[in-house]
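Analysis of the macromolecular model
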Amino acid sequence: MLGVELIRSNPNAVIESLSRRGSSSETIELIHQVIDQDQTRREALTLQQTRQQSLNTESRSIAELMRDGKKEKAQMVIERQKTLKSEIRDLTQKIAAAEDSLTQLLLSIPNMVHPSVPDGRTESENVVVYSHGEQPTLEFEPLPHWEIAKLHSLIDFERGAKVAGAGFPFYIGAGAQLHRALIHFFIDSALPEYTEIRPPLFVNSDSAKGTGQLPDKEGQMYLVDDGFYPIPTAEVPLTNYYRDEILSESDLPIKLCAHSPCWRREAGSYGAHVRGLNRLHQFDKVEIVQLTHPNHSYEVLDQMRKHSEDLLQALELPYRCLLMCAGELGFNQTKQYDLEVWSAGQKRWLEVSSISNFTDYQARRMNIRFRPEQGGKPQLLHTLNGSALALPRVVAALLENNQNEDGSYELPSILTPYLHSY
RNA sequence: GGAGGGGUGGCAGAGUGGUCUAAUGCACUGGUCUUGAAAACCAGAGUACUGCAAGGUACCGAGGGUUCGAAUCCCUCCCCCUCCGCCA
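Computed from a predicted structure; not experimentally measured.

Below, the discussion takes up the sheet that holds strand S7 (residues 246-248). Pairing between the strands of a sheet is mediated by backbone hydrogen bonds and can be parallel or antiparallel. Within the open sheet, the 3 strands sit side by side as S7-S13-S14. Their pairing is mixed. This sheet does not close on itself; its edge strands, each paired only once, are S7 and strand S14 (379-380). In this sheet, S14 lies alongside strand S13 (residues 369-371) in antiparallel orientation, the contact comprising 2 bridges. By the bridge assignment for S14, Phe370 is matched with Gln379.

With that settled, the discussion passes to the protein's contact with RNA strand B. Around RNA strand B sit 21 residues, and of these Gln49, Gln81, Lys85, Arg369 and Arg371 come closest. Within 4 Å of the protein, the contacting atoms of RNA strand B are drawn from sugar and phosphate to the extent of 78%. Separating a sugar or linking oxygen of RNA strand B from a side-chain N or O atom of Arg41 is a distance of 2.9 Å. In the model, a phosphate oxygen of RNA strand B is placed 2.7 Å from a nitrogen or oxygen of the Arg369 side chain. At the level of elements, helix H3 (25-67), helix H4 (71-107) and S13 are the ones that each hand at least two residues to the surface near RNA strand B. The leading source of residues in the surface near RNA strand B is H3, at 13 residues. Considering only residue class, the surface near RNA strand B consists of 5 nonpolar, 7 polar and 9 charged.

The mixed open sheet is built from 8 strands, whose spatial order is S1-S10-S11-S12-S15-S9-S8-S4. Since the sheet does not close on itself, it has two edges, and those belong to strand S1 (127-132) and strand S4 (195-197), each with one partner. Averaged over all neighbouring strand pairs, the angle between strand axes comes to 25°, with direction disregarded. Bridge count for strand S9 (residues 282-292) against strand S15 (residues 382-390) is 7 bridges, and the pairing is antiparallel. Within S15, the residue paired with Leu291 across the bridge is Thr383. Packed onto the sheet, helix H10 (residues 297-314) meets S1, S9, strand S10 (319-323), strand S11 (335-343), strand S12 (348-357) and S15 and runs at close to 5° relative to S15.

Now for the domain arrangement of chain A. Partitioning chain A into structural domains gives domain 1 (4-107) and domain 2 (123-418). For domain 1 and domain 2, the distance between their C-alpha centres works out to 43 Å. Buried area between domain 1 and domain 2, summed over both chains or domains, comes out near 560 Å², and the portion from carbon and sulfur atoms is 44%. Summed over the three residues of domain 1 that lose the most area to domain 2, namely Arg20, Arg21 and Leu107, the buried surface amounts to 88% of that side. Here domain 1 is connected to domain 2 by 0 salt bridges. Viewed at the interface, domain 2 and domain 1 are joined by 3 residue pairs in polar contact (both at pLDDT 80 or more). Split into classes, the residues belonging to the side of domain 1 that touches domain 2 amount to 2 nonpolar, no polar and 2 charged.

Cut-offs used in this document
- Residues numbered from 1 in each chain as written.
- Chains lettered and ligands numbered in written order.
- Predicted model: local features only at pLDDT ≥ 70, side-chain atom pairs only at ≥ 80, totals over all residues.
- Heavy atoms only, no water.
- Pairing = 2+ DSSP bridges.
- Helix = DSSP H or I, 4+ residues; strand = E, 2+ residues; numbered from the N terminus.
- Near = heavy atom within 4 Å.
- Polar contact = N/O pair within 3.5 Å; in protein donor to acceptor, adjacent residues only side chain to side chain.
- Nonpolar A, V, L, I, M, F, W, Y, C, P; charged D, E, K, R; others polar.
- Axes fitted to C-alpha atoms, helices over the stretch in contact; angles between N-to-C directions.
- Contact = heavy atoms within 4.5 Å.
- Domains from an automatic or database assignment.
- Buried area = accessible area lost by both parts, 1.4 Å probe.
- Salt bridge = Lys/Arg side-chain N within 4 Å of Asp/Glu carboxyl O.

Right, dumping it as structure tokens:
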């Protein structure tokens, strides 16, 4: 969430930034409500603290009177305190109410937009900032990946649907090994820089709140009994790792990576675009996360983007990098790149990575700070994450782009060390 | 799952209703002393909010309650430890 101080001190800058997202007048109205509630809260708080001070002083004097045996005098003070106490109670309630609505308001206000983000409302206004590789020119009508997978018994969607449901495929034999090879390749590529983490695959609601899945994207997560959420991305446990902690400036940047399955409800999806591996309820992903000093987060964003691009280049997949326009930007992000690979069989682009800077928006929710080397107050750090990469669509693109007319396919040589049994 | 014991500052640890405005030790920072260091001695130091400021308020796992007054008593929840049971 945004800081109240920012909204208080510079409401116009916030409003301007939010209008770039195409935020409605209602969102703008929220800003004014924040300012109102903030003022109510501070006025009540100042008053309450003064009253509390009187009460504390008097209570101490009661202790003295009691010690000196002046019981009657003490009793008088006790009587007098009743008004003070009820006044404090009322003020405390008023403060709590203002704080509650302040939190609610702040949770429903999206992050600021970085100046380098292009204007725009729709997908078509995202800007292609980079393209790499040639879309393969095939002399025959290429198959979609689900056909190729069926031909070679790599993936069994039908039995997945029987055993779990739609969107829960089985990978079989060489298909399972390809999947595992990609995980190993992705993790190995991250290892020189990033610390490998094996995270919990369920998180509690505090963690889901911390990274912004709650309340904004509640419908996207599964919820199991006892209040656990199966993670929709490893971003959640990784970024929450340092929740409510104060780090040393010298610890930064912190770089974490993890492979994990991801579970998403994807309610309401249908049609050809969700066929095969295009959209699943369970899929695997290697995620990279960085916690950085606020001064460096945008450089780091570009480094992380390059990391993911290098993977696609090593896999020899044609791809493009999109800079998301203001209207397409996620709720929590200030700037976001998407990487899309070309899928020759479906003749369209598939998103395989999203790399984002959240600045201090998540850090404020999670209360993750660092102590400046020069001394001074702890300061919020910046959080970033990126997919490096999401598995299923990479599998789809590998199969579709490298197919031959006879239905066979080849895999890029970078994977050779990871493939041996089939 | 059963029984018991716990949760206090960076760490250890005292405190069981009123100078707790949280002792003490270790670690940390500054100073004195010293050629330099160590030791010793002196001083300082948490987080958040609030206030122009001086300062104030809150925080002893979390949330409620009792009381003029709660780290301390009561209730609910969370977490940790020990033993037993179960288990890959």
